[in-house]
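Notes for the structure review
Here is how the chains run, residue by residue.
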Amino acid sequence: MPVVSMKETLDRALADRYGVPAFNIVNDLTIEAVLAAAVEEQSPVILQTSVKTVRMYGRDQLFSIFEALVRDVPVPVTLHLDHCPYREVISDCLEGGWNSVLFDAHELDVAENLRQTTEVVAQARAHGAHVEGEIEGIQGVEDGIGSDDASVQQSLEVAVDFITRTGVDCFAPAIGNAHGQYKAAPVLDAQRVSDLVDATGVPMALHGGTGLSADQFKDLIARGCAKVNISTALKEVYMKSSLQFLQEASAEDKWDPPSLFRHQREAVVGMAREHMQIFGSSGRA
C-alpha cells in the first residue's frame with residue numbers, strides 16, 4: 001500500500017472513533033519493528049521522526065531507509081515530522097518526501113504563530129502534505145525540544161480561531177498531558193478535547209501518551225484524539241531490552257549482535273501491538 005496522507009488516516013479514525021498510533025522511531029530497527037506490528041495487527045500507523053533523528057541521519061538517508069522498509073507494507077503508513085520549530089527543517093522534510101509535519105511555534109505569540117502556521121499549511125499543500133498545529137507547549141522536553149514549565153492554556157475561542165484560520169489538519173491541545181514519564185497521575189481536561197472537536201470537526205493529537213491508563217486513552221480517543229503519540233515508551237522498551245540482553249551476554253560472555261537485534265525487535269513489536277489494541281486501531285487497515 002502506498003504511503004497514505006495524514007488527513008485521510010485521521011479523518012477516518014475520527015469518524016469511527018479509534019486512535020492511530022504515532023510512534024517516534026529512532027533507527028531502522030524500530031521502523032521495521034513498528035511496521036511489523038502494524039501488519040500483524042492490521043493497523044494504520046504513523047511513523048514520527050524528531051528533528052534530532054533527521055539531523056542525526058540526514059534527510060535523504062533517513063527517507064531512503066523509510067522508503068525501503070515501507071515499500072511492501074500492506075497497511076496505511078504516514079511519515080510525520082514531530083515537534084519542529086524550525087522553518088528550514090520543515091521545508092527540507094517536505095521537499096524530501098515527508099507527508100506530514102508538526103510546526104511547533106508555541107513559543108511565538110498566537111498572532112505570529114497563526115501567521116507562520118498559515119504559511120506552513122500553504123507550503124505543505126504544495127507538496128501534497130498535511131500539517132499538525134499547536135499554540136500551547138506540551139510540558140516536558142522531548143529530543144531537545146520543549147520545556148519542563150507548564151504552558152499557558154489559551155481560551156477555547158482562541159484555539160478554535162487558530163484551527164479555523166490556519167486550516168491545520170490536526171491540532172495538539174494542552175490538556176494537562178506531558179512528555180516523558182509522569183511523576184504523578186495526570187489530571188486531564190478531557191472536556192477540552194470534546195469542545196474543540198465539536199467546534200471544528202478537526203482531529204486532535206494526544207501528546208504525552210506514555211504512562212496514561214488504558215481507560216484514559218479510550219476516553220480521549222472517544223472524544224476525538226484520533227492521533228496518539230508514543231515516544232518515551234518506544235525508547236524505554238528499546239533501551240531496556242538492550243540493557244537486559246547485554247547484561248546476560250556479559251554474564252555468559254557470549255556476544256552475538258543478531259541475537260541482540262532480534263531481542264530488541266521483539267520488545268518493540270510487543271509494545272507497539274499492545275498500544276494498537278488499546279487504541280482500537282487493530283483491524284482498521
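Worth saying up front: this structure is predicted, and the values here are computed from it rather than measured.

**A short note on the nonpolar core**
For soluble globular proteins, nonpolar side chains are generally found buried alongside one another. Counting residues in hydrophobic clusters, the biggest one holds 84 residues, and the most contacted among them are Phe23, Leu47, Val77, Leu81, Met204 and Leu220. If you tally residues by element for this core, the top one is helix α2 (residues 28-41), at 8 residues. When neighbours within four sequence positions are excluded, Leu220 is seen to be in contact with Ile175, Leu188, Ala190, Val193, Leu206, Leu212 and Cys225.

**Let's talk about the packing of aromatic side chains**
Going through the model one piece at a time under the given rule, you end up with 4 aromatic pairs. Note on Phe63 and Phe66: the rings are 5.9 Å apart at their centroids and 45 degrees apart in plane angle, and the pair reads as tilted. Here Phe63 pairs with Phe66, and both are found in helix α4 (residues 59-70), just 3 residues apart, close to one helical turn. Cluster of aromatic residues (ring-pair linked, three or more members): Phe63, Phe66 and Trp98.

**Digging into the environment of Arg284**
Take Arg284: it is sitting in the segment after α11 (257-279). Between the alpha carbons of Arg284 and Gln61 there is a distance of 30 Å; along the sequence they are 223 residues apart. Not counting the four nearest positions on each side in its chain, Arg284 is found in contact with Arg12, Asp16, Tyr18, Gln42 and Pro44.

**Here we look at the pattern of salt bridges**
Taken as a whole and judged by the stated rule, the model has 15 salt bridges. With its nearest N and O atoms 2.8 Å apart, the salt bridge here joins Arg59 to Asp60. The exposure class assigned to Asp60 is partly exposed, which follows from its relative accessible area of 48%. The salt bridge involving Arg59 is made with Asp92; its shortest N-O contact spans 3.0 Å. Note that Arg59 is positioned in helix α4 and Asp92 in helix α5 (residues 87-96), a separation of 33 residues in sequence. Of the residues examined, Asp92 reaches a relative accessible area of 31% and is grouped as partly exposed. Taken together, the shared-partner salt bridges connect Arg87, Glu112, Arg115 and Glu119 into one network.

**Topic: the packing of helix α8 (residues 190-200) against helix α9 (residues 214-223)**
Relative to each other, α8 and α9 sit at 20 degrees, their axes nearing to 8 Å. Comparing the axis directions of α8 and α9 gives the class roughly parallel. Note on packing geometry: the crossing formed by α8 with α9 is right-handed. Note on element contacts: α9 touches α8 through Asp219, Leu220 and Arg223, opposite Ala190, Gln191, Val193, Ser194 and Val197. Of the residues belonging to the contact of α8 with α9, the class tally is 4 nonpolar, 2 polar and 2 charged.

About the cut-offs
- Residues numbered from 1 in each chain as written.
- Predicted model: local features only at pLDDT ≥ 70, side-chain atom pairs only at ≥ 80, totals over all residues.
- Heavy atoms only, no water.
- Core = buried A, V, L, I, M, F, W, Y, C linked by side-chain atoms within 4.5 Å.
- Buried < 20%, exposed > 50% of the residue type's maximum accessible area, 1.4 Å probe, protein only.
- Helix = DSSP H or I, 4+ residues; strand = E, 2+ residues; numbered from the N terminus.
- Contact = heavy atoms within 4.5 Å.
- Phe/Tyr/Trp six-rings, centres within 6.5 Å; stacked < 30°, edge-to-face > 60°.
- Salt bridge = Lys/Arg side-chain N within 4 Å of Asp/Glu carboxyl O.
- Axes fitted to C-alpha atoms, helices over the stretch in contact; angles between N-to-C directions.
- Parallel < 35°, antiparallel > 145°, perpendicular 65-115°, else oblique.
- Left-handed = near helix turned anticlockwise from the far one by under 90°.
- Nonpolar A, V, L, I, M, F, W, Y, C, P; charged D, E, K, R; others polar.

Limitation: the analysis is restricted to geometry and does not speak to function.
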